[in-house]
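So the chains spell out like this:
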2 protein chains.
Amino acid sequence: MEEKLPAFESVFSIDCLIFGFEAGELKILLIERNDEPFKDWYALPGYIVKQDESLDDAADRILYELTGLRDLQMKQFHTFGEVNRHPQGRVITVGYYALIRITGQKELRPISQYARKAIWHSVNNLPKLAFDHTEIFNNGFSKIRRRLNHQPLAFDLLPEKFTLTQLQVLYEAILNKKLDKRNFRKKMLSYGFLKELVEKQKGVSYRAAKLYKFDKRKYAKIFQNELTA
Amino acid sequence: MEEKLPAFESVFSIDCLIFGFEAGELKILLIERNDEPFKDWYALPGYIVKQDESLDDAADRILYELTGLRDLQMKQFHTFGEVNRHPQGRVITVGYYALIRITGQKELRPISQYARKAIWHSVNNLPKLAFDHTEIFNNGFSKIRRRLNHQPLAFDLLPEKFTLTQLQVLYEAILNKKLDKRNFRKKMLSYGFLKELVEKQKGVSYRAAKLYKFDKRKYAKIFQNELTA
DNA sequence: CCAAAAGTGTTTTTTATACACCCATGA
DNA sequence: TCATGGGTGTATAAAAAACACTTTTGG
């Protein structure tokens, strides 16, 4: 066992699961660590909570410092508190997740020296991760998968305007199974929170698909009971 | 703001939501605090996690010390980390819940001096609770309510042998709405994890109802997919 | 024989599933 | 004109909801 840093005697930390969607694949945001322990390993973006900030605030700040991403509306999913999960001392970590659009232009650059870089990695074939981050990932991913059927998580992953096929491909990526096209469209449209636009897809060499927007206000109206999630 | 105790500079704690069911009412286990802050107030059973114990272990120990209850299989539901939730310093607390049988004979007696006594209190008309415990209660209760339809939580609240009416009354208490008798029975029996006993209810002045047992093994078999909860 | 709760089926509505072809477009 | 994905409907099965009377028992 390595020497314990005083700062590490007993601390809270946050680890973030940030999901994105690109080229039909579900991705997760990882950082390459620049510090011991686990220097050079991939890890979830995460760091220590300060004395004077709430967990939610800490999650926002930490994600920003490690990836440059802001204003994500992350949610907590589980807290990990095994005694030896961190080799330098007692660290209890709260897992947060968010699902976001990968906007090609926005480059990810860590502010903190603690991460060398931040990269998107397919959720399939994840590399070995530092600490117990693989467990944290599995725990969070399975929760999101279960929540997908009750909450409009998927819409955060798509561009503002999207086709029904894009939406279906995304669902299939998250649930890891094929869905029936007609039934999927029927069901999605029946919810009533998809707004059909006049605009159509552009630049494709086949019949252009209709574009849709997710209407948050309608969703909130329809599901106000379940909103207490 | 009161003086900060050194021990409280930055600690993890556990707070427990223990649900019981008695006389057709859903109850929650509260302690009467014997220490400042919030001396004499009602609070959820909760205390500080030790350096060398996992969160799950801490939850077991703390509940035992405050109420005398053991071996409950509590599960975590949320972590509360607002900066000023504890007047003496930074305390981040992990909420755990369990649902248990109230066995009349087993008296609740706190081991620790920190709780004067432990009592069952109806979930309706809860008194004011210490710290942010009302918020913790609301958060946990609404999660349990939602989980009720997917997990066999309710059976932990009933005696080993129970009637279908008892089960229904319990569901109604948790969900806070009336259910249709025939549909309820049909659905419960269709799951296939209720074992009908030869034995019948005794000592009632009306037609005695059949008794049932919950068959955990069958449940596990049937729902092995969803078990990764 | 009465009060109290146990027990029981059918119909209707809603929701999920299975399944295959024509259409529009750009290259 | 062809390749590519866009778009559409119907029939069947399964699940949920609505609904009221007879039976058993102890007092």
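One numbering rule holds for all chains: residues counted from 1, following each sequence as written. Just so you know, chain letters begin at A and ligand numbers begin at 1, following the order they were written in. Local features in a predicted model are, by the rule used here, given only for residues with pLDDT of at least 70; side-chain atom pairs are given and counted only at 80 or more, and totals for whole chains, interfaces and linings are based on all residues. Calculated side-chain values reflect all of the structure's heavy atoms, with hydrogen atoms and water omitted.

Going by an unreviewed UniProt entry, chain A carries the name NUDIX hydrolase and comes from Mucilaginibacter humi.

Another aspect to go through is the domain arrangement of chain A. Residue and element names in this part refer to chain A. Structurally, chain A comprises domain 1 (6-147) and domain 2 (159-222). The distance between the C-alpha centroids of domain 1 and domain 2 comes to 29 Å. Contacts: residue pairs with any heavy atoms within 4.5 Å of one another. Across the contact, six residues belong to domain 1 and eight residues belong to domain 2. Summing both partners gives a buried area of about 640 Å² for domain 1 against domain 2, and 73% of it is carried by carbon and sulfur. Summed over both partners, the accessible area lost on bringing two parts together, with a 1.4 Å probe, is the buried area. Ranking the residues of domain 1 by area buried against domain 2 places F21, R101 and R145 at the top, with a combined share of 62%. A side-chain nitrogen of Lys or Arg and a carboxyl oxygen of Asp or Glu constitute a salt bridge if their distance falls within 4 Å. The interface formed by domain 1 and domain 2 contains zero salt bridges. Distance and chemistry together define a polar contact, namely a pair of N or O atoms within 3.5 Å, with one atom able to donate a hydrogen and the other to accept it when in protein, and with adjacent residues in sequence counting only for side-chain atoms on both sides. Our enumeration of links across domain 1 and domain 2 arrives at one residue pair in polar contact (both at pLDDT 80 or more). Here the residues of the side of domain 1 that touches domain 2 are counted per class, giving three nonpolar, one polar and two charged. Source of the domain bounds: an automatic or database domain assignment. Each residue gets one of three labels, nonpolar for Ala, Val, Leu, Ile, Met, Phe, Trp, Tyr, Cys and Pro, charged for Asp, Glu, Lys and Arg, and polar for the others, Gly among them.

Another aspect to go through is empty space enclosed by the protein. Buriedness of a pocket was judged along seven lines, with at least five required to meet protein on both sides within 12 Å; pockets are open sets of points on a 1 Å grid over the protein atoms alone, cavities are sets where a 1.4 Å probe fits but cannot get out, and lining residues have an atom within 4 Å of a point. Grid points are joined across faces, edges and corners, and a volume is the space filled by probe spheres set on the points. As enumerated under the stated definition, the model contains one cavity of 30 Å³ or more in all. Roughly 40 Å³ of internal volume is contained in the largest cavity. Taken together, A:F12, A:T79, A:I92, A:V94, B:F12, B:T79, B:I92 and B:V94 make up the lining of the largest cavity. The way it works is that DSSP assigns letters per residue, a run of H or I at least four long becomes a helix, a run of E at least two long becomes a strand, and they are numbered from the N terminus. Broken down by secondary-structure element, the contributors of at least two residues to the lining of the largest cavity are strand 6 (90-99) of chain A together with strand 6 (90-99) of chain B. Taken together, the residues of the lining of the largest cavity sort by class into six nonpolar, two polar and no charged.

In this section: the protein's contact with DNA strand D. Close contacts around DNA strand D come from 18 residues, with A:K181, A:R185, A:K186, A:K210 and B:R207 the closest. Put simply, 37% of the atoms of DNA strand D that lie within 4 Å of the protein are in sugar or phosphate. Within the side chain of A:R185, an N or O atom sits 2.8 Å from a phosphate oxygen of DNA strand D. A:K210 is positioned such that a nitrogen or oxygen atom in its backbone is 2.8 Å from a phosphate oxygen of DNA strand D. Of all the elements in the fold, those that place two or more residues in the surface near DNA strand D are helix 4 (181-191) of chain A together with helix 4 (181-191) of chain B. Among the elements that make up the surface near DNA strand D, the one with the highest residue count is helix 4 of chain A (four residues). Looking at the surface near DNA strand D, its residues break down into five nonpolar, three polar and ten charged. Distances are taken per atom, and a residue is near a molecule or strand as soon as one of its heavy atoms is within 4 Å of it.

A few words now on the pattern of salt bridges. For side chains of opposite charge, pairing can occur when their charged atoms come near one another. Residue and element names in this part refer to chain A. Scanning the entire structure with this criterion turns up 24 salt bridges over all chains. E172 is the salt-bridge partner of K178, the closest N and O atoms lying 3.6 Å from each other. The buried category is assigned to E172, whose relative accessible area is 13%. Through salt bridges that share partners, E32, D40, R116 and K117 make up one connected network. Relative accessibility decides the category of a residue: with a 1.4 Å probe and only protein chains considered, values under 20% of the type maximum give buried, values over 50% give exposed, and everything between is partly exposed.

The subject of this paragraph is the UniProt feature "domain: NrtR DNA-binding winged helix" (unreviewed entry) in chain A. When the UniProt feature table is mapped onto this chain, "domain: NrtR DNA-binding winged helix" (unreviewed entry) is found at residues 154-214 of chain A. Spanning residues 154-214 of chain A, this segment combines 38% helix with 20% strand, and its end C-alpha atoms are found 10 Å apart. UniProt positions are given in the numbering used here, feature names are shortened, and annotations may be inferred rather than shown by experiment.

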